[in-house]
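Close look at the chain arrangement
Given next are the chains, with one letter for each unit.
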Amino acid sequence: MHKYLSNLIHLEITSQDVDASAAFYVDKFGMREFARTEGRVYLRCWGDYQSYSVVIVPGIEPALHRMAWRTTSPEALDAAAQRIEDAGITGTWSEGGFGYGRAYEFTGPYGHPMRLVYEVDSYSADPDHASIYPDRPEKRSAHAGAPRFLDHVTIAASDVRGFCEWHSEVLGYRTMGYTELDDAPITVFGVLTTNEKSHDLGVVLDTSSRGGRINHIAFWVDTYEELVICAEVLLERGTAMEYGPSVHGIGEQNFLYFREPSAMRVELNSGGYRNYVPDWEPRIWKPADGSNNIFRNSSMPFSMTESFPAAEGFTATEEGVSDEMKAELLNPYAEHGRG
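Treat the numbers as computed from the prediction; the structure is a model and nothing was measured. (Residues numbered from 1 in each chain as written. Predicted model: local features only at pLDDT ≥ 70, side-chain atom pairs only at ≥ 80, totals over all residues. Heavy atoms only, no water.)

1. Structural notes on the packing of aromatic side chains
Tallied over the entire structure, the rule returns 19 aromatic pairs. With 6.4 Å between their ring centres and 70° between their planes, Phe34 and Tyr123 make a pair best called edge-to-face. Residue Phe34 is found in strand β2 (residues 32-37), and its partner Tyr123 is found in the loop between β8 (113-117) and β9 (149-157); the two are separated by 89 residues along the sequence. Its relative accessible area of 34% is what places Phe34 among the partly exposed residues. Of the residues examined, Tyr123 reaches a relative accessible area of 12% and is grouped as buried. Seen in terms of ring centroids, Tyr243 and Phe255 are 5.2 Å apart; in terms of plane orientation they differ by 50°. Their pairing is tilted. In this pair, Tyr243 sits in strand β14 (residues 241-247) while Phe255 sits in strand β15 (residues 253-259), placing the two residues twelve residues apart along the sequence. Both residues of the pair, Tyr243 and Phe255, count as buried. Every member of this aromatic cluster is reached through a ring pair, and the members are Phe24, Tyr25, Phe29, Phe219 and Phe258. Over the ring of Tyr123 we find Arg44; its NZ or CZ atom is 3.6 Å from the centre of that ring. (Phe/Tyr/Trp six-rings, centres within 6.5 Å; stacked < 30°, edge-to-face > 60°. Helix = DSSP H or I, 4+ residues; strand = E, 2+ residues; numbered from the N terminus. Buried < 20%, exposed > 50% of the residue type's maximum accessible area, 1.4 Å probe, protein only. Lys NZ or Arg CZ within 6 Å of the ring centre and 35° of its normal.)

See below:
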């Protein structure tokens, strides 16, 4: 498979209160505001090589507005767009937007808006933010536990394997692993990558009829100690921890989950493996293996099953499924009047 995509370049997420969400990411989480235009706020981490990695967009509910991926070359952009069209999906071309050039935009087969670009503005720090390290886009943040860069996005879809297979076959993502239920061959989670990371795209099983939903966005810090410091900073400033800190089995990242003011779930990661194997075959995990919590010494809170925007139905997580979702999946005739 030709390598079409390089990495996740930015995420656009909606918020009912753009100012409140932006203030959270800047004041509590340690990102910086890069720009404001047309009601949108553009945010960056101190290690982002491009100008920004998150865009807060006005909306009536928390949701994924668009995820953007950089291609490996201008030619790869054209080739990827052609493969999408050949797969039966019609997208649109534009001459670009704020911080990026020529772009191909489309909605994936499970309802997720996507943008492919090659040309992006490289960030150039002003003297106040210039690093003593020539390789760094700007100096390390003085905010304790601030994320270094955007890490991944996890969405929700009605068919985990179908989602992974389409993105692997059409766009060249490597599918790295799946989580199946312990007591039935039902796949509830999958991880894909465009590079050597364990994943930069995750997908959880969604039994709702609303397509294009998102479960969380995720950022990266260099060390586990920074992750714990971030948790303390947030806790002492009124942000509760939803889940973690702990360690995922699948991917091997240290993790921490919390919410921003719109209710969108945010994850912070450190650690994780790197994988350069060109003929890698996806590994199968079970929740009992510690797919989500390798220590297997705590229960995932039910709130983690919520994806965005809200919809009737249940959502899985990296750990597996709630009892309610398991009943839905394993016994579709349990509800009176069905079957």
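2. Points about the pattern of salt bridges
Applying the stated criterion across every chain, the model contains 20 salt bridges. Residue Arg44 is joined to Glu138 by a salt bridge in which the shortest nitrogen-to-oxygen separation is 2.8 Å. Of this pair, Arg44 sits in strand β3 (residues 40-44) while Glu138 sits in the loop between β8 and β9, and the two are 94 residues apart along the sequence. As a salt-bridge pair, Asp78 and Arg102 come within 2.8 Å of each other at their nearest N and O atoms. Of this pair, Asp78 sits in helix α2 (residues 74-86) while Arg102 sits in the loop between β6 (92-94) and β7 (103-107), and the two are 24 residues apart along the sequence. (Salt bridge = Lys/Arg side-chain N within 4 Å of Asp/Glu carboxyl O.)

3. Things to note about unusual backbone geometry
Between Gly244 and the following residue, Pro245, the backbone shows a cis peptide bond with an omega angle of 5°. Structurally, the position occupied by Pro245 is in strand β14. In this model, Phe308 is joined to Pro309 through a cis peptide bond whose omega is 0°. Tracing the chain through its elements places Pro309 in the loop between β17 (283-285) and α5 (323-330). Residues other than glycine seldom take positive phi values, yet Glu252 does so here, at roughly 65°. Tracing the sequence through the fold places Glu252 in the loop between β14 and β15. Overall, Glu252 belongs to the partly exposed group, its relative accessible area being 47%. The phi torsion at Ala263 lies on the positive side, around 90°, for a residue other than glycine.

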